[in-house]
Amino acid sequence: MRFCSISSGSSGNCQFIETGQHRILIDIGLSARQIERLLGEKDIDPASITAVFVTHEHSDHIKGVGVWMRRYRVPVMATAGTWKGMERSIGQVPGELRVELRAGKGYRMSDLRIETVPSCHDANDPCGYVVESGGRKAAVFTDTGIVTQTMLHHLCETDIAVLESNHDIDMLMNGPYPLALKKRIRSNVGHLSNIDCAQTICEARRLGGSGIFLLGHLSEENNRPQLALETSTTLMQQEGHPCDQIYVTQRESAGAIFEL
Ligand SMILES: [Zn+2]
Ligand SMILES: [Zn+2]
């Protein structure tokens, strides 16, 4: 399996996973043209993508989905609620490429198995994804206000995971956002903070998980890459866990293609 975080953050999200027989994208939250360019920088031919999975209908996850479907005619999978939520913004798409998934279910596509994991977020029917192939396992869990037991269970088994480290709580609460928005972000259907992320990684390590973590979906307004990284590594050091498998998606090192 190969994994690459093509883009992560409030400006647009897209994760790439390659198995022997598939090349999938999870979310197309930038324009199709931008994603084509970013894939090209990694020597990935956009036309070689075989399927697209969507986590939820917020614009930073679906911006290029409609154009991508019309241009490359690949199936796009999402829950019924996500389809309903994104229908208006993605334009007319070929009906035969529109695939409905159920949150909490597993699906097999030749050499890969993908599972939808319900997330806690203010969208219609949001989910994260776990992909397994050839004995390797990857997960993408962002845009969730809490880490569920199912997510934690998977994070103990993954070889690589994108885990949300959205905001520093002090920066958020002292920052310019209106109070209602601050409350929404901090709520159970908002986003995981740096300390939420740090505690989750430590819990996964305590339970035997040893995979790579990419800290993702950082807020541009309420976070800094170094702060997100330090929050996780400081807590890990306090608990005696090695910190060499932790990366921030905004940095060059995390934009690499990970060979698993
Ligand atoms: Zn998002
Ligand atoms: Zn969202």
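The coordinates are above.
A short tour of the structure in this document, coming up. In every chain, residue numbers begin from 1 and rise along the written sequence. Working convention: letters from A go to chains and numbers from 1 go to ligands, in the order in which they are written. For this predicted model, a pLDDT threshold of at least 70 governs which residues receive local features, and a threshold of 80 or more governs which side-chain atom pairs are given and counted, while totals over whole chains, interfaces and linings are taken from all residues. Water and hydrogen atoms were dropped before computing side-chain values, which therefore reflect all heavy atoms in the structure.

## Quick notes on the coordination of the zinc ion (ligand 1)
Reasoning step 1: Here the zinc ion (ligand 1) is held by the protein donor atoms D60 (OD), H61 (NE2), D143 (OD) and H217 (NE2), which lie 2.1 to 2.2 Å from it.
Reasoning step 2: Seen from the zinc ion (ligand 1), its four donor atoms lie at angles of 89 to 168°, and the figure they make is irregular.
Reasoning step 3: In this analysis a donor is any N, O or S atom within 2.8 Å of a metal ion (3.2 Å for sodium, potassium and calcium), and since water is not included, sites may seem incomplete. Each donor residue of the zinc ion (ligand 1) lies on the same chain, and together they follow the pattern D-H-x81-D-x73-H.
Reasoning step 4: Taken as a pair, the zinc ion (ligand 1) and the zinc ion (ligand 2) lie 3.4 Å from each other and share D143 as a ligand. Square planar and octahedral assignments, for four and six donors respectively, both demand that opposite donors be over 155 degrees apart and that all other angles lie between 65 and 115; tetrahedral needs four donors with all angles between 85 and 135 degrees, and anything else is irregular.

## Some words on the coordination of the zinc ion (ligand 2)
Reasoning step 1: Taken together, H56 (NE2), H58 (ND1), H121 (NE2) and D143 (OD) make up the full set of protein donors to the zinc ion (ligand 2), lying 2.2 to 2.5 Å away.
Reasoning step 2: Relative to the metal, the four donor atoms surrounding the zinc ion (ligand 2) lie at angles of 92 to 172°, and the coordination shape comes out irregular.
Reasoning step 3: All donor residues of the zinc ion (ligand 2) come from one chain, and their arrangement in sequence is H-x1-H-x62-H-x21-D.

## Description of the pattern of salt bridges
Reasoning step 1: Basic side-chain nitrogens of Lys or Arg form a salt bridge, by our definition, when they fall within 4 Å of a carboxyl oxygen of Asp or Glu. For the structure on display, the rule yields 15 salt bridges.
Reasoning step 2: With a shortest N-O distance of 2.8 Å, R2 and E18 are connected by a salt bridge. Of the two residues, R2 is situated in strand β1 (residues 2-7) and E18 in strand β2 (residues 14-18); the sequence distance between them amounts to 16 residues.
Reasoning step 3: Of the residues examined, E18 reaches a relative accessible area of 15% and is grouped as buried.
Reasoning step 4: Put simply, E36 and R71 hold a salt bridge, and the shortest N to O gap is 2.8 Å. Residue E36 is found in helix α1 (residues 32-41), and its partner R71 is found in helix α3 (residues 65-72); the two are separated by 35 residues along the sequence.
Reasoning step 5: When accessible area is computed with a 1.4 Å probe and restricted to protein chains, residues below 20% of their type maximum are described as buried, those above 50% as exposed, and intermediate ones as partly exposed. A residue is classified by how much of its surface remains accessible, and E36, at 18% relative accessible area, is buried.
Reasoning step 6: On the basis of relative accessible area, R71 is assigned to the partly exposed category, the value being 44%.
Reasoning step 7: Each of R2, E18, R23 and E259 takes part in one network of salt bridges that share partners. In this description a helix means any DSSP run of H or I spanning at least four residues, a strand means any run of E spanning at least two, and both kinds are numbered starting from the N terminus.

## Description of the environment of S133
Reasoning step 1: With respect to the helices, strands and loops of the structure, S133 is situated in strand β9 (residues 127-133).
Reasoning step 2: Residue classification places S133 among the buried residues on the basis of a relative accessible area of 10%.
Reasoning step 3: It is 44 Å that separates the C-alpha atoms of S133 and P176, two residues lying 43 residues apart in sequence.
Reasoning step 4: The criterion used for residue contact is that any of the two residues' heavy atoms lie within 4.5 Å. Excluding anything up to four places from it in sequence, S133 contacts M1, T19, D111 and L112.

## Brief notes about the pairing of strand β3 (residues 23-26)
Reasoning step 1: Neither face of β3 is left uncovered, since the one carrying R23 and L25 and the one carrying I24 and I26 both have all their residues buried.
Reasoning step 2: Only when DSSP finds a minimum of two bridges between them are two strands counted as paired. Sheet topology note: the β2/β3 ladder contains four bridges and is antiparallel. Across the sheet, residue I17 finds its bridge partner in β3, namely I24.
Reasoning step 3: The hairpin turn running from β2 into β3, its antiparallel successor, is four residues long.
Reasoning step 4: Note that β3 and strand β4 (residues 51-53) share three bridges and pair parallel. Counted as the bridge partner of I26 is F53 from β4.
Reasoning step 5: By definition, the crossover connecting two strands over a helix is right-handed if that path, from the first strand to the second, turns clockwise as seen with the strands pointing away from the viewer. Crossover β3 to β4 through α1 is right-handed.

Any functional reading would require information that these geometric values do not contain.
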